[in-house]
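Residue-level structure breakdown
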Amino acid sequence: MLDPAAPQLVINARTLLFSWLPADPGAAEALVPAGLRPDPERQVFCCQYVVDDETQTSGFGAYSLTYLGVSLADMAPPDGETPGGWWTHYLASSTRVRHYAAARGAPAAEGVTQIELRGGRLTAETWADGRPLIRVTARAGHTGTAAHSGHHRYLTRHDGELIVTDYPYVAEPVSPFEVESVEFLAPEHPVYALRPANPLHVCWGFYSPRVSFAYPARPNPLDEPVPVHQVPARRARSGLPSGS
């Protein structure tokens, strides 16, 4: 088992990350614990990614992951343009990853994520318990010369204590990019509470075939100060959220 206090690095993950307005804002808000405030629009975020080879990680091995959650008010990292978020679901294919994440407070459970890109059409599916839970289709172009970087902030609960962690990332997003549909396929599953409104309203997002990120060495309890990140003035701001 990996030491949950040790940092971990992932490079070149195929990653889809975006946010939407939920069909039931009250159900989304109900998943946020006391002491935290949801984003005024109750935005829901979702990240689906695949790490194809063990050489792309410092200790996780190859795996796939989908996490979802509710965006929070007043929780953006200092160099971030998107809000921090509360993880509500964390579906990982790897037992090693699940144990590591659970020890850091993530609601880790078993699941498999598949991403396929053919002819500019992207399909991402998340499976659990032998059935599909989420299917996303999008229009995706090619990566250019731009690379975007920063931090994204996620919160969890461990041993009754709220934990905040900032995850550094570097992404090479494709252009053009447009989410066309988001289907929640299992009404009986708890993740269904976060299904999108109809018509679909996407707030932000990107797809990148190469996202690199790190799990930092030590998460911070919410009542401890989080280190302030110094943002280089030469770095162009992208308006894109991070992936992890």
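Calculation criteria
- Residues numbered from 1 in each chain as written.
- Predicted model: local features only at pLDDT ≥ 70, side-chain atom pairs only at ≥ 80, totals over all residues.
- Heavy atoms only, no water.
- Helix = DSSP H or I, 4+ residues; strand = E, 2+ residues; numbered from the N terminus.
- Rg over C-alpha atoms; globule rule 2.2 N^0.38 Å.
- Buried < 20%, exposed > 50% of the residue type's maximum accessible area, 1.4 Å probe, protein only.
- Contact = heavy atoms within 4.5 Å.
- Core = buried A, V, L, I, M, F, W, Y, C linked by side-chain atoms within 4.5 Å.
- Pairing = 2+ DSSP bridges.
- Axes fitted to C-alpha atoms, helices over the stretch in contact; angles between N-to-C directions.
- Salt bridge = Lys/Arg side-chain N within 4 Å of Asp/Glu carboxyl O.
- Phe/Tyr/Trp six-rings, centres within 6.5 Å; stacked < 30°, edge-to-face > 60°.

Some words on the overall build of the chain
Scanning the chain from terminus to terminus reveals two helices and 13 strands. For 244 residues, the compact-globule formula gives about 18 Å, and the C-alpha radius of gyration of the chain, at 17 Å, lands near that figure. In terms of principal-axis extent, the alpha carbons of the chain reach across some 45 × 40 × 35 Å. Here the chain holds 244 residues, and 52% of them are scored as buried. For the chain, restricting intrachain contacts to residue pairs at least 6 apart in sequence, the fraction spanning at least 24 positions comes to 71%.

A look at the nonpolar core
Grouped together as the largest cluster of nonpolar side chains are 35 residues, with contacts concentrated most on Trp-20, Leu-36, Leu-68, Val-136 and Phe-184. Of all elements in the fold, only strand E1 (8–20), strand E2 (44–51), strand E3 (63–71), strand E4 (85–92), strand E7 (121–128), strand E8 (131–143), strand E10 (161–171) and strand E11 (174–184) reach the threshold of two or more residues within this core. Broken down by element, this core gets its largest block of residues, five residues, from E8. Val-10, Phe-45, Cys-47 and Phe-213 belong to the second largest nonpolar core, which has 28 residues in total.

Thoughts on the sheet that holds strand E6 (residues 112–118)
Pairing in this open sheet of four strands is antiparallel, and the strands run E6-E7-E8-E11 from one edge to the other. Looking along the sheet, the strands with just one partner apiece sit at the ends: E6 and E11. The mean angle between the axes of side-by-side strands here comes to 15°, regardless of whether they run parallel or antiparallel. Across eight bridges, E7 lies against E8 in antiparallel orientation. Bridging across to E8, Thr-126 finds its partner in Ile-134.

Let's talk about the environment of Ser-71
Considering the arrangement of structural elements, one finds Ser-71 in strand E3. We classify Ser-71 as buried; its relative accessible area is 0%. When the C-alpha positions of Ser-71 and Asp-39 are compared, they lie 5.3 Å apart, and in sequence the two are 32 residues distant. When sequence neighbours within four positions are dropped, the list of residues in contact with Ser-71 reads Pro-38, Asp-39, Gln-43, Phe-45, Pro-83, Gly-84 and Gly-85.

Here's the deal with the pattern of salt bridges
Pairs may arise between side chains of opposite charge once their charged atoms sit close together. Applying the stated criterion across every chain, the model contains 12 salt bridges. A salt bridge links Arg-37 to Asp-74, with the shortest nitrogen-to-oxygen separation between them at 2.2 Å. Pair noted here: Arg-37 is in the loop between helix H1 (25–30) and E2 and Asp-74 is in the loop between E3 and E4, with a separation of 37 residues, a long-range link. Of the two residues examined, Arg-37 and Asp-74, each falls in the exposed class. Of the charged contacts in the structure, one is a salt bridge between Arg-131 and Glu-188, with a shortest N-O distance of 2.2 Å. Taken as a pair, Arg-131 in strand E8 and Glu-188 in the loop between E11 and strand E12 (202–215) lie far apart in primary sequence, 57 residues in all.

Some points on the packing of aromatic side chains
Taken as a whole and judged by the stated rule, the model has 18 aromatic pairs. Cluster of aromatic residues (ring-pair linked, three or more members): Phe-45, Tyr-49, Phe-60, Tyr-63, Tyr-67, Trp-87, Tyr-90, Tyr-100, Tyr-154, Tyr-167, Phe-213 and Tyr-215.

Details of unusual backbone geometry
Geometrically, the link from Ser-175 to Pro-176 is a cis peptide bond, its omega value of 0° lying close to zero. Note that Pro-176 resides in strand E11. Geometrically, the link from Asn-198 to Pro-199 is a cis peptide bond, its omega value of 10° lying close to zero. Note that Pro-199 resides in the loop between E11 and E12. For Arg-42, which is not glycine, the phi torsion reads 55° and is therefore positive. Relative to the helices and strands, Arg-42 is located in the loop between H1 and E2. Phi at Asp-129 is positive, roughly 55°, even though this residue is not glycine. Along the chain, Asp-129 turns up in the loop between E7 and E8.

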